Protein chains: 2
Amino acid sequence: MSTFTQHDPSRSIRAARGTEITAKSWQTEAPLRMLMNNLDPEVAERPEDLVVYGGTGRAARSWEAYDAITRTLENLEDNETLLVQSGKPVGVFTTNKWAPRVLIANSNLVGDWANWPEFRKLEAEELMMYGQMTAGSWIYIGTQGILQGTYETFAAVGRKLQAEGRLAAGAENEGPLAGTLTLTGGCGGMGGAQPLAVTLNDGACLIVDVDETRLRRRASKRYLDEVETDLDTAIAKVNQAKAERRGWSVGYVGNAAEVFGELLRRHNAGELTIDVVTDQTSAHDPLSYLPEGTSVEQWHAAAAADPEDFTLKAQASMAKQVRAMVEFQDAGAEVFDYGNSIRDEARTGGYDRAFEFPGFVPAYIRPLFCEGLGPFRWVALSGDPEDIRVTDEALKELFPENAHLHKWLDAAAERVEFEGLPARICWLGYGDRAKAGLLFNRLVAEGKVSAPIVIGRDHLDSGSVASPYRETEAMADGSDAIADWPLLNALTAASSGATWVSIHHGGGVGIGRSIHAGQVSVADGTELAAAKLEALLTNDPGMGVIRHVDAGYDRAHEVAAERGVRIPMAE
Amino acid sequence: MSTFTQHDPSRSIRAARGTEITAKSWQTEAPLRMLMNNLDPEVAERPEDLVVYGGTGRAARSWEAYDAITRTLENLEDNETLLVQSGKPVGVFTTNKWAPRVLIANSNLVGDWANWPEFRKLEAEELMMYGQMTAGSWIYIGTQGILQGTYETFAAVGRKLQAEGRLAAGAENEGPLAGTLTLTGGCGGMGGAQPLAVTLNDGACLIVDVDETRLRRRASKRYLDEVETDLDTAIAKVNQAKAERRGWSVGYVGNAAEVFGELLRRHNAGELTIDVVTDQTSAHDPLSYLPEGTSVEQWHAAAAADPEDFTLKAQASMAKQVRAMVEFQDAGAEVFDYGNSIRDEARTGGYDRAFEFPGFVPAYIRPLFCEGLGPFRWVALSGDPEDIRVTDEALKELFPENAHLHKWLDAAAERVEFEGLPARICWLGYGDRAKAGLLFNRLVAEGKVSAPIVIGRDHLDSGSVASPYRETEAMADGSDAIADWPLLNALTAASSGATWVSIHHGGGVGIGRSIHAGQVSVADGTELAAAKLEALLTNDPGMGVIRHVDAGYDRAHEVAAERGVRIPMAE
Ligand SMILES: NC(=O)c1ccc[n+]([C@@H]2O[C@H](COP(=O)([O-])OP(=O)(O)OC[C@H]3O[C@@H](n4cnc5c(N)ncnc54)[C@H](O)[C@@H]3O)[C@@H](O)[C@H]2O)c1
Ligand SMILES: NC(=O)c1ccc[n+]([C@@H]2O[C@H](COP(=O)([O-])OP(=O)(O)OC[C@H]3O[C@@H](n4cnc5c(N)ncnc54)[C@H](O)[C@@H]3O)[C@@H](O)[C@H]2O)c1
């Protein structure tokens, strides 16, 4: 009973492909393959430790738990439900055909105990697991999700500039950043998606990173167009792209603390006009931000030798960089924090205007959330990339007028390499998600794709998360910390035909700071699946609409009125 | 939009009786009547403020919210689901006939914000409501619940003494406390159930309260048999009852801090033998505990004049009382804390052995929880007491061998006055709850009762609560604070045919200290209801069994094995 193996390098997991199933139906084969896919070495960061992504975000608590889950799923009937508690299967109950096949709760703690030390203690005692968001709920699809979220954020920036009359609307077929120049910092694992996200929106992008190897790596993978070490040349190139309203990205090797100030000087002198400024250096950890006066070569030795002194220096440099950002805002640019806590570090570093520019969610994403828009994703259980091609095409036909979506799907098809089972992500809102789900179910029924399609989303979605430092930062009514919403979201998913449903604590921002829910469904081509998909993919983004109606957002009120989302207090 | 009325003395709510319904079916008439019943002046503490019980435990956030809920329930279809966020209706979604008709989340906060000040702020901003346990989830049935829980606790005490050979097993028809004497303190609103609970178990009881009016009030309602002001007489009477193995209770007017010590001296001197010692003075609030040397008349003025000094005196007296309790334990008595925090106050008052006796849940209730036993309750929607009489009789026929249950049902029928809609409570475990639910559904189908029956439970149940200071205190594996379980419980209820499901935070022990779930179903006599009841009333107590299996309790393992509860890790 007390066997608990968390590290086992001999294990190598890969989901089955094709139409032969080992479970009793596709409704249970789907969670089986998706759990296995989360642990595919192509997908997971440390599969031998069951870690999928995001620090220690795990798919199962131990290898024994993993084996019990897969064994149970293989034998689960279509009126049975498996319960998973922090990555360990704890029960099987007889339910009904409308009920989820798997119910998951990961990392949840009573409030007074909701902190890292208590969590670590219970984790060490083998009683809990950190589920992150899509790791413990079996719907992670690799880095495609990051690219697309960044793409959507930059698209929203462009649309906001246009709506405010700070940017003329472009031609029909132009992306929302056409004719703009974006300045950003940090071209690492996540930040490296920025130049491609900007150019996919037809913007010009200058990205500053101290580490030339990071910029070269992005250029080799076509995330970045070119690398420059001469600032005048770099500026000339992005200026030209901007003038030609052409997507083009240039990486410049330098320290953002210095370069941002220098570019501000040139911007104010009229040498160039920077429209958008942000940053994704890894500011959340001061030892990972290189202060001025230290070379890349000295970096890690210096940080290790005197971490406190290094922290003070890094914070002073961040204060300098953030000062330049605030002054860019004074000078008319659009400036935002991209979720790396650089504002708080700069404030600690002594700069008191640090919080004068907003975080990215309140600034751009919340209007999308008001429409129930969020990261909708799907996976071809067949393993055949052709199935995703078919869904891409069918989706473009379903939404012929949505140029932004077409552009994304074309770019993704061209540029995104699949990791694990072929998958696609795109942001769809209230109404459209249900249409897409029903379309996929028809494609399965008609044999246009070779096997069922799994449909899910990130927990970072419009009505599924309470996280006062990120997704629910600065809600209009001050309701940032209220966690009733993600819990209602999970109960709604369980009541609307989801195949698996999860409630997690601490994803993204850490233990004590968020509660969020996930849901996944399976388009297996049956009529029952169609009925479930219609309800689930209407109600789930519907939660986003009503959550923002309740917080007082006009756009959500409009969407509810236009699309018939019911608001009892107003009836 | 900004109308928010929380106090309205003009409102007087009483649920409809009879078989005419205003909602579209009994599945929605049921939550409508139960919400209204929670606010019946016979039931609620402060109905004009929407407060049902337990401090500020509310049924709805405002009168506007109440009106919107009732309006929506009246029109809700049998494939629609109403969402309630901290007492306010926020959405209606199309789901399916197996889904709950109402989903409720009350008072939930992200961990770092899960404290009273943050909650009070959001409450003042009209964004939240405190739901307690059954207040905000519309299944409070008055004080009957308290009496029965106390009765079960004392029954468990007696059985434990017998199992440990400290008490000879009684005759077949005798209660488990026959031949014992229990000493306790505090005969107030909740503590006043103690003497009747002891005598229902055929024990003798001596209860000490400083306030004679409290004792007289209990005596007038037959909760207490008689009041004595002379200690020798009081002792003689309970000694005689004990010798005759007869249930009898005597209230003695005195300060427990003094009297417990004096009784210990006499116990050690062989003048009487006290078998069980506990206390339900309101020790959780030191200003509500009267210290030695202060008279009842001076009490409130003294507490108000110098609360800090009063607190110190009260804690010193509690230390003295708890010292006597520990020494009773040393002298062989069974001693336990009855959920009023007197141990912690005594420790603060300088007594370092205070925690040497256990809380009541780990001591007596947990073995019941291991069997999925907990407070099962039902309500006659007809409003006709005859319907409850019919269910009582039918239940006795269904479980002919359960003498303990028969005794409770007979006593309840004889002694309990209904408050609001007629209701009954009794503790049933895994297997028996489903049988009882199906029985009730048959009684409705066959017209043996005049209208459908609502079936619910307290959130204090075997698998539905995480509360490290009470229900999950001192779990065998240290998993006290893990909140995955109540969340899985709510998801399971939503997946098993419950008519309404709720997730609450902070009930019982306060904000930051508990997360718990509730479920209610409706036996309307249909086949669909039968299928739902069978699943729900199997799976819900099943959560209690698997939660205790997972924590390593042998009894839960036995129950799972005997009754076929599936444990995936062991398959
Ligand atoms: N927007 C979001 O949704 C979101 C979500 C999670 C995390 N983040 C945050 O984004 C940040 C970046 O993440 P990542 O995965 O790309 O990190 P990473 O560590 O892979 O990359 C950071 C990059 O910053 C560069 N850098 C460090 N100091 C610099 C300086 N002074 N000037 C210029 N460049 C410098 C490094 O050379 C490196 O290339 C992190 O703080 C992360 O927490 C954002
Ligand atoms: N067991 C449970 O499940 C449970 C649940 C919730 C609360 N409680 C706790 O039980 C306690 C009692 O609740 P209640 O509703 O009966 O409270 P109450 O305030 O109605 O009654 C308390 C009684 O204690 C008496 N008292 C005070 N000081 C005394 C002293 N020194 N000696 C003798 N008597 C004294 C008072 O006169 C009063 O009659 C509270 O602390 C409550 O929090 C128990």
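Quick caveat: nothing in here was measured; it's all calculated off a predicted structure.

A separate point is the UniProt feature "domain: Urocanase Rossmann-like" (unreviewed entry) in chain A. With numbering matched to this structure, UniProt assigns "domain: Urocanase Rossmann-like" (unreviewed entry) to residues 142-364 of chain A. Helix makes up 48% of residues 142-364 of chain A and strand makes up 11%, while its end C-alpha atoms are separated by 24 Å.

In this model, helix α10 (residues 307-330) of chain B (24 residues) spans 34 Å end to end at C-alpha, consistent with the 34 Å of a helix rising 1.5 Å per residue. Following α10(B) by one or two positions, Gly332(B) adopts a phi angle in the positive range, close to 105 degrees.

With that out of the way, let us pick up the site of ligand 1. All names here are of chain A. The environment of ligand 1 is made up of 28 residues, and the closest members are Gly 189, Met 190, Gly 191, Asp 209 and His 284. Within the contact set of ligand 1, a nitrogen atom lies 3.0 Å away from a side-chain nitrogen or oxygen of Asn 255. In this structure, a nitrogen atom belonging to ligand 1 sits 2.9 Å away from a main-chain N or O atom of Leu 290. Its free accessible area being 870 Å², ligand 1 has 84% of it covered by the protein chains. When grouped by side-chain class, the residues that make up the shell around ligand 1 number 11 nonpolar, 13 polar and 4 charged.

Next up on the list: unusual backbone geometry. A positive phi angle, near 70 degrees, is found at Asp202(A), a position not held by glycine. Residue Asp202(A) is classed as buried on the basis of its relative accessible area of 14%. Even without glycine at this site, Glu126(B) takes up a positive phi of about 70 degrees. Topologically, Glu126(B) is positioned in the loop between α3 (116-124) and α4 (144-163).

On to the pairing of strand β3 (residues 80-85) of chain B. Residues and elements named next belong to chain B. In terms of burial, β3 is a largely internal element, 6 of the 6 residues being buried. Of the two faces of β3, the one lined by Glu 80, Leu 82 and Val 84 and the one lined by Thr 81, Leu 83 and Gln 85 are each fully buried. Relative to strand β4 (residues 88-94), β3 is paired through 6 bridges, and the arrangement is antiparallel. Of the residues in β4, the one forming a bridge with Glu 80 is Thr 94. Connecting the antiparallel pair β3 and β4 is a turn made up of 2 residues, with Ser 86 showing a positive phi of about 40 degrees. Note that β3 and strand β5 (residues 102-106) share 4 bridges and pair parallel. Residue pairing in the sheet places Leu 83 in a bridge with Leu 103 of β5.

Here we take up the environment of Leu421(A). Residues and elements named next belong to chain A. Looking at the secondary structure, you find Leu 421 in the loop between α14 (403-415) and β13 (423-428). Using a relative accessible area of 1% as the deciding quantity, one classes Leu 421 as buried. Sequence separation between Leu 421 and Ala 466 is 45 residues; the distance between their C-alpha atoms is 30 Å. Apart from the residues lying within four places of it in its own chain, the contact partners of Leu 421 are Ala 15, Ala 16, Arg 17, Arg 33, Met 34, Asn 37, Val 379, Ala 380, Leu 381 and Gly 383.

Residues and elements named next belong to chain A. UniProt's entry tags Cys 426 with the feature "active site" (unreviewed entry), counted in the numbering of this structure. Tracing the backbone shows Cys 426 in strand β13. Ignoring sequence-local partners within four residues, the contact set of Cys 426 consists of Gln 148, Gly 374, Pro 375, Phe 376, Trp 378, Leu 395, Leu 405 and Trp 408.

About the criteria used
Each chain has its residues counted from 1, following the order in which its sequence is written. Lettering of chains starts at A and numbering of ligands starts at 1, both following the order in which they are written. Where totals are concerned, whole chains, interfaces and linings use all residues; where local detail is concerned, this predicted model gives features only for residues with pLDDT of at least 70, and gives and counts side-chain atom pairs only at 80 or more. No hydrogens and no water enter the side-chain calculation; it runs on all heavy atoms of the structure. UniProt positions are given in the numbering used here, feature names are shortened, and annotations may be inferred rather than shown by experiment. A run of H or I in DSSP becomes a helix once it reaches four residues, and a run of E becomes a strand once it reaches two; helices and strands are each numbered from the N terminus. Multiply 1.5 Å by the residue count of a helix minus one, and that product is the helix's expected span. A single heavy atom is enough: if one lies within 4 Å of a molecule or strand, its residue is considered near that molecule or strand. Any N or O atom pair separated by 3.5 Å or less is treated as a polar contact, with the protein-specific requirement of one donor-capable and one acceptor-capable atom, and with residues adjacent in sequence counted only for side-chain atom pairs. Using a 1.4 Å probe, accessible areas were evaluated by the Shrake-Rupley method; residue-level cover was limited to the displayed protein chains. Classes in brief: Ala, Val, Leu, Ile, Met, Phe, Trp, Tyr, Cys and Pro nonpolar; Asp, Glu, Lys and Arg charged; the others, Gly included, polar. Accessible area is worked out with a 1.4 Å probe on protein chains only. A residue is then buried under 20% of its type maximum, exposed over 50%, and partly exposed in between. If DSSP finds at least two bridges between two strands, the strands pair. We call two residues in contact when some of their heavy atoms are within 4.5 Å.

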